[in-house]
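If you want the building blocks of each chain, they are given just below.
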Amino acid sequence: MSSQVFPAGLDALFSLQGQVAIVTGAGRGIGRACALMLARAGADVALAARTAADLDAVAAEIQALGRKAIVVPTDVNDDAALDQLVARTVAELGGINILVNNAGGAGPNNPRKMSGAELGAVLAWNVVPAYALTQKCVPAMSAAGGGTVVNVSSVAARYAQKSFSAYGAAKAALNQLTRNLAQDFGPTLRVNAIEPGTIMTDALAPFLTAERLERMTRSTPMARLGQPEDIAAAVFFLVSPAATWITGKVLGVDGGVEAPNF
């Protein structure tokens, strides 16, 4: 192991001291967990989402850890809002080293009824902001000597299942975007993706009957559904110095499930 590549000591391999991160969709669920995880590792964090009150609560938690946090209410579909997010992060936190593109999502769809325009909106919501924000972060990351991007995708990208043609296609596109941007921006930027399995979030809770929860737990090799912190831990690894030779990869964090179990 070359000391020119890896810092000395295991603690340094998993330290983000002096790093600045942007996390989108940071107000709740996976985004909140990622922001807190990165702060615990030493990073200062720019929090982006549409609901300022949610971001304020996360910022308070980060500041209680002794790290800096700024709240930047952001619609990631608004190009000018992304410009403001990047500019404020650089101006107030001193640069950008880490980007977590977590904003996105969609529900089930009926392909007999969903219009092409509606499909296009799902594709755009899950792919275009990640592309645009990565592009906008490149100058600041390059000025800092390099950076790392993690796109939050979904196991829906690789499952074949009914009623998920829109969401599955969108996340599959995000995976391929990840692989290609890693080629475009290496070695200055590392670009990877996470595919969460079923995660216990506020968005999922209304759909989890006791019967469905029991069935899904039974069909998961790890015998439980995921928590937002499971995804945050994987994101943390990918942005840490320990992952310095990993780029263009899609990591499934799914409890071992290899087929739809919802």
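Worth saying up front: this structure is predicted, and the values here are computed from it rather than measured. (Residues numbered from 1 in each chain as written. Predicted model: local features only at pLDDT ≥ 70, side-chain atom pairs only at ≥ 80, totals over all residues. Heavy atoms only, no water.)

### What about the pattern of salt bridges?
On inspection of all chains with the given rule, the structure shows 11 salt bridges. A salt bridge links Arg88 to Glu92, with the nearest nitrogen and oxygen atoms 2.7 Å apart. Of this pair, Arg88 and Glu92 both sit in helix H4 (residues 79–93), four residues apart, which is roughly one turn of that helix. With relative accessibility at 26%, the residue Arg88 sits in the partly exposed group. Overall, the relative accessible area of 40% leaves Glu92 in the partly exposed class. Its salt-bridge partner being Asp254, residue Arg158 comes within 2.4 Å of it at the nearest N-O pair. You can see Arg158 sitting in the loop between strand S5 (147–152) and helix H6 (165–185) and its partner Asp254 sitting in the segment after strand S7 (250–253), a full 96 residues away along the chain. On the basis of relative accessibility, which here comes to 36%, the residue Arg158 falls in the partly exposed class. Three or more residues are tied together by salt bridges with common partners; here these are Arg158, Glu195, Asp254 and Glu258. (Salt bridge = Lys/Arg side-chain N within 4 Å of Asp/Glu carboxyl O. Helix = DSSP H or I, 4+ residues; strand = E, 2+ residues; numbered from the N terminus. Buried < 20%, exposed > 50% of the residue type's maximum accessible area, 1.4 Å probe, protein only.)

### Some points on the sheet that holds strand S3 (residues 69–73)
The sheet built from seven strands is open, its strands ordered S3-S2-S1-S4-S5-S6-S7 with parallel pairing. Strand pairing shows two members of the sheet lacking a second neighbour, S3 and S7, which therefore form its edges. Along the sheet, successive strands turn relative to each other by an average axial angle of 15°, direction set aside. Examined bridge by bridge, strand S4 (residues 98–101) and S5 share four bridges and lie parallel to one another. Directly across from Val100, in S5, lies its bridge partner Val150. Along the sheet face, helix H3 (residues 52–64) touches strand S2 (44–49) and S3 and points at about 170° away from the line of S3. (Pairing = 2+ DSSP bridges. Axes fitted to C-alpha atoms, helices over the stretch in contact; angles between N-to-C directions. Contact = heavy atoms within 4.5 Å.)

### As for the packing of aromatic side chains
The tally for this structure, following the rule as stated, stands at one aromatic pair. Measuring from centroid to centroid gives 6.3 Å for Phe14 and Phe236, while their planes differ by 55°, and the two rings are tilted. Here the residue Phe14 occupies a position in the loop between helix H1 (10–13) and strand S1 (20–24), and Phe236 occupies one in helix H8 (residues 228–239), the gap between them amounting to 222 residues. Its relative accessible area of 37% is what places Phe14 among the partly exposed residues. In this structure Phe236 comes out as buried when scored by relative accessible area, which is 15%. (Phe/Tyr/Trp six-rings, centres within 6.5 Å; stacked < 30°, edge-to-face > 60°.)

### Some details on the nonpolar core
In this structure, Leu38, Leu47 and Ile62 are the most contacted members of the largest nonpolar core, which totals 37 residues. The leading source of residues in this core is helix H2 (residues 29–40), at eight residues. When residues no more than four places from it in sequence are discounted, the contact partners of Leu47 are Val23, Ala26, Ala35, Leu55, Val58, Ala59, Ile62, Ala69, Ile70, Val71 and Val72. Counting 29 residues, the second-largest nonpolar core is a separate cluster that includes Leu82, Val127, Cys137 and Leu189. (Core = buried A, V, L, I, M, F, W, Y, C linked by side-chain atoms within 4.5 Å.)

### Quick word on the environment of Ala39
Tracing the sequence through the fold places Ala39 in helix H2. Residues Ala39 and Ile62, 23 residues apart in the sequence, show an inter-C-alpha distance of 6.2 Å. The residues contacting Ala39, other than those within four sequence positions of it, are Val45, Ile62, Leu65 and Arg67.

### Describing the side chain of Lys171
Structurally, Lys171 can be placed in helix H6. In this structure, Lys171 is buried with no salt-bridge partner, the nearest side chain bearing the opposite charge being Glu195 at 10 Å. Contact partners of Lys171, with chain neighbours within four places excluded, come to Gly105, Asn126, Val152, Ser153, Ser154 and Ala157. (Lys, Arg positive; Asp, Glu negative; His and termini not counted.)

### Looking at the side chain of Ser240
Structurally, Ser240 is set in the loop between H8 and S7. Setting aside residues no more than four positions away along its own chain, Ser240 makes contact with Leu13, Phe14, Leu16 and Arg190.

### Topic: H4
Taking 1.5 Å per residue as the helical rise, H4 with its 15 residues ought to reach 21 Å, and the 21 Å between its terminal C-alpha atoms agrees with that figure. Among the residues making up H4, those that are buried are Ala81, Leu82, Leu85, Val86, Thr89 and Leu93. Projection of H4 onto a plane perpendicular to its axis shows the buried side chains occupying an angular sector of 140°, all on one side. Of the exposed residues in H4, the ones pointing more than 90 degrees away from its buried face are Ala80 and Ala91. Elements that come into contact with the buried residues of H4 comprise S1, S2, S3 and helix H5 (116–143). With a side-chain oxygen positioned 3.0 Å from the backbone nitrogen of Ala80, the residue opening H4 is Asp78. Gly94 sits one or two positions beyond H4 and adopts a positive phi of about 95°. (Expected span 1.5 Å × (residues − 1). Arc of directions from axis to C-beta. Polar contact = N/O pair within 3.5 Å; in protein donor to acceptor, adjacent residues only side chain to side chain.)

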